[in-house]
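Results of the structural survey
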Amino acid sequence: MDFKLAAKEILENVGGADNLANMTHCATRLRLTLKDPSKANDEAIKEIDGVVNIVNKAGQYQILIGTEVPKLYDEFEALVTGDDGSVQVNNNGGISGNIISTIFSAISAIFAPLLPALAGSGILRGLLILAVQTGILSEASGTYSILNVASMSVFYFLPVLLAFTSARRFGASPYLSALIGAALLNPEFIALMGDTGNGATTSFLKIPVVLMNYNSTVVPIILSIWAFSYLYKFLDKKVPETLKLVIIPLISLAVMIPLTVIVIGPIGVYSGEAVAQVVNWLIERSSILTGILIGGGWSVLVSLGIHWAVNPIMINNVSTYGFDYIVPFTFACNFAVIGTTIGVYFKARNNKLRSFAVTGLVTVALSAIIEPTLFGLLVKNKKLFLAQIIGGAVGGAYLGLTKVVTNAFVFGSVTTFPAFVTDNASNFIQAMIGLGISLAVSAILAYMFMEREEMLS
């Protein structure tokens, strides 16, 4: 794929840089907010080499590319960059379009760059637990300690990483933002809590301060950098050019760090915990129903591009509690997609369709990317889509019934099975049974629902 040519053609067919209100990307899609969506030429864009499909939902014009979308985005960004190096779109977190579009765009832009680090760390954590359980490593060994640090650092320093990505999304200085995140993890700040932990108090200029432990938190730093972006833009506009090097960092750190620990931080901690507790309460109240809804409905959310709204909850659960109930349900969805491709392969006579099914199976099994199969096969054939949804729902129900969890936020594939390795040995076994159910049910239904002579449109 010629990324430079593809980016040029996409930009031309969405109405040019002047029609862009916002742009970002996630794991597989170029996500654009267009000022006038009617200017986009859908058919021409679909014909561009490398474009799999287009989804225009939730106020975003989403162009499905696949796992190489970051390379395309780099070329796309270069095309809309001015001579002074500034990006010539409203990519600074301001409200452009509706509020739903803004929220989804922000979530995608903030978390997408961190997904490889989160996934890799999660898999390493699972392998480390497995090594301890099988006696290969001892928890008292230096090897274990070093690998444990390697697997858990991304979660501990999540506020610093999120500060950087949030700053890029909201238009603040990434480096000053990272310093704000780092200040929350400074040992001297943490020492103020003593043995009391969350809820300990101190004071700042005689203002009471409720102290919190911010390592592994998600919401506080995002809210803080969002607020900082307004201060930063104000200072950047008002401070003379000759004084910016000193004055902007000075005021930014002196204002934002106290403001974060006094106001924004506690609000973020309590609100993030409240959302996670509500979701986990619903799972505890009816884990089977939750498994049915998420296992069966996850592919629908993915097809609409709004599954990103749930990802932060899963990340927060893993970073706060060390495990998550929702991730296994997304595995159920992915393995139902694999099952559907198996059913298609054994039922279809058309070689092109069978080849597409095998490609989809391998792609999902190894990389957890379901979009090519979802848009190339399931969305076009409602019966197959139904087979996949039913398979995901049944498998999700079993995973909910047996309370399967993962120890990390990962995408569902064969390569991420170590995420099911926990101190509870049966967790992995129940996970394999649940995923096997998803695969088998969807494969059987796909075989039953499909016409043998069907072609790939």
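Small disclaimer: the values here were computed from a predicted structure and weren't measured. (Residues numbered from 1 in each chain as written. Predicted model: local features only at pLDDT ≥ 70, side-chain atom pairs only at ≥ 80, totals over all residues. Heavy atoms only, no water.)

Here the focus is the sheet that holds strand 4 (residues 60–64). Strand-to-strand pairing in sheets goes through backbone hydrogen bonds, with the strands running parallel or antiparallel. In space, the four strands of this open sheet follow the order 1-2-4-3, with antiparallel pairing throughout. Every other strand in the sheet has two partners, leaving strand 1 (20–25) and strand 3 (53–57) as the edge strands with one partner each. Strand-to-strand, the axes of this sheet are offset by a mean angle of 20°, without reference to chain direction. When strand 1 meets strand 2 (residues 29–34), the two strands line up antiparallel, connected through five bridges. Across the sheet, the residue bridging to Leu-20 is Leu-34, located in strand 2. Set on the sheet, helix 3 (residues 69–79) makes contact with strand 1 and strand 2; between it and strand 1 the angle comes to about 150°. (Pairing = 2+ DSSP bridges. Helix = DSSP H or I, 4+ residues; strand = E, 2+ residues; numbered from the N terminus. Axes fitted to C-alpha atoms, helices over the stretch in contact; angles between N-to-C directions. Contact = heavy atoms within 4.5 Å.)

By the element assignment, Leu-250 lies in helix 11 (residues 244–285). On the basis of relative accessibility, which here comes to 53%, the residue Leu-250 falls in the exposed class. Taking C-alpha positions, Leu-250 is 29 Å from Gly-194, a pair spaced 56 residues apart along the chain. (Buried < 20%, exposed > 50% of the residue type's maximum accessible area, 1.4 Å probe, protein only.)

Here the chain is described as being made up of domain 1 (3–83), domain 2 (138–192 + 216–258) and domain 3 (286–449). With centres defined by C-alpha atoms, the gap from domain 1 to domain 2 works out at 30 Å. (Domains from an automatic or database assignment.)

With that settled, consider the side chain of Asn-19. With respect to the element layout, Asn-19 can be found in the loop between helix 1 (3–13) and strand 1. Of note is the side chain of Asn-19, whose polar atom sits 2.7 Å from the backbone oxygen of Val-14. Contact partners of Asn-19, with chain neighbours within four places excluded, come to Val-14, Thr-33, Leu-34, Lys-35, Asp-36 and Lys-39. (Polar contact = N/O pair within 3.5 Å; in protein donor to acceptor, adjacent residues only side chain to side chain.)

Attention now goes to helix 5 (residues 115–133). An ideal rise of 1.5 Å per residue puts 27 Å on 19 residues; helix 5 measures up with 27 Å between its terminal C-alpha atoms. Burial in helix 5 covers these residues: Leu-115, Leu-118, Ala-119, Ser-121, Gly-122, Gly-126, Leu-128, Ile-129 and Ala-131. A positive backbone phi angle near 85° is found at Gly-135, which sits one or two residues after helix 5. (Expected span 1.5 Å × (residues − 1).)

Taken as a whole, the chain shows an average pLDDT of 85; of its residues, 92% reach a score of 70 or greater. Contacts from residues 82–88, a stretch scored under 50 in pLDDT, to residues over four places away or in other chains number ten contacts. (pLDDT = per-residue confidence, 0-100.)

Here we come to the packing of helix 14 (residues 326–347) against helix 17 (residues 382–401). Geometry of a packed helix pair, given as the angle between the helix axes and the separation of the axes. Interaxial distance between helix 14 and helix 17 falls to 8 Å at its minimum, and their mutual angle equals 140°. Between helix 14 and helix 17, the angle falls in the class oblique. Our pair here, helix 14 against helix 17, has a crossing hand that is right-handed. Each of Pro-328, Phe-329, Ala-332, Cys-333, Ala-336, Val-337, Thr-340 and Val-344 in helix 14 lies in contact with helix 17, whose residues at this interface are Leu-384, Ala-387, Gln-388, Gly-391, Gly-392, Gly-395, Gly-396, Leu-399 and Gly-400. Its residues assigned to classes, the contact of helix 14 with helix 17 comprises ten nonpolar, seven polar and no charged. (Parallel < 35°, antiparallel > 145°, perpendicular 65-115°, else oblique. Left-handed = near helix turned anticlockwise from the far one by under 90°. Nonpolar A, V, L, I, M, F, W, Y, C, P; charged D, E, K, R; others polar.)

Across four bridges, strand 5 (residues 201–204) lies against strand 6 (residues 207–210) in antiparallel orientation. In the sheet register, Ser-203 faces strand 6, and the bridge partner there is Pro-208. Where strand 5 hands over to strand 6, the hairpin turn is made up of two residues, of which Leu-205 adopts a positive phi near 50°.

Moving on, we come to the packing of helix 7 (residues 158–170) against helix 10 (residues 219–238). For the pair helix 7 and helix 10, the least separation of the axes is 9 Å and the interaxial angle reads 40°. Regarding the angle of helix 7 to helix 10, the classification is oblique. For the crossing formed where helix 7 meets helix 10, the hand is right-handed. From helix 7, Pro-159, Leu-162, Ala-163, Ser-166, Ala-167 and Phe-170 reach across to helix 10, where they touch Ile-221, Ile-222, Ile-225, Trp-226, Ser-229 and Lys-233. Here the residues of the contact of helix 7 with helix 10 sort into nine nonpolar, two polar and one charged.

This paragraph deals with the side chain of Ser-224. Its place among the elements puts Ser-224 in helix 10. Non-local contacts of Ser-224, meaning those with residues more than four positions away in its chain, are made with Ile-180, Met-256, Thr-260 and Ile-264.

As a further point, take helix 7. Taking 1.5 Å of rise per residue, 13 residues should cover 18 Å, and helix 7 covers 18 Å from first to last C-alpha, within 8% of that figure. Regarding helix 7, the residues found buried are Leu-158, Pro-159, Leu-162, Ala-163, Thr-165, Ser-166, Ala-167, Arg-169 and Phe-170. Of the residues trailing helix 7, Gly-171 is marked for its positive phi of about 90°.

Quick look at the packing of aromatic side chains now. Under the criterion given, the structure shown has twelve aromatic pairs. Centre to centre, the rings of Phe-331 and Phe-420 are 4.6 Å apart; their planes meet at 65°, and the pair counts as edge-to-face. Highlighted residues: Phe-331 in helix 14 and Phe-420 in the loop between helix 17 and helix 18 (425–449), separated in sequence by 89 residues. Across the pair, Phe-420 and Phe-331 agree in class, each one buried. An angle of 90° between the planes, with centres 6.5 Å apart, marks the rings of Phe-417 and Phe-428 as edge-to-face. With Phe-417 in the loop between helix 17 and helix 18 and Phe-428 in helix 18, this residue pair connects regions lying eleven residues apart in the sequence. Overall, the relative accessible area of 18% leaves Phe-417 in the buried class. Taking relative accessible area as the criterion, Phe-428 reaches 30% and is therefore assigned partly exposed. Each member of the aromatic cluster is reached from another via a ring pair, and the members are Tyr-321, Phe-323 and Tyr-325. Lying across the ring of Tyr-447, Lys-347 places its NZ or CZ 4.9 Å from the centre. The residue whose ring lies beneath Arg-354 is Tyr-345, and the NZ or CZ to ring-centre distance is 4.1 Å. (Phe/Tyr/Trp six-rings, centres within 6.5 Å; stacked < 30°, edge-to-face > 60°. Lys NZ or Arg CZ within 6 Å of the ring centre and 35° of its normal.)

Take unusual backbone geometry next. For residues that are not glycine, phi is negative in most cases, and the peptide bond is trans in most cases. With a phi close to 70°, Lys-206 is a non-glycine residue in the positive phi region. Among the structural elements, Lys-206 can be located in the loop between strand 5 and strand 6. For Lys-206, a relative accessible area of 81% puts it in the exposed group. Not every positive phi belongs to a glycine, and Lys-403 is a case in point at roughly 55°. Secondary-structure assignment places Lys-403 in the loop between helix 17 and helix 18.

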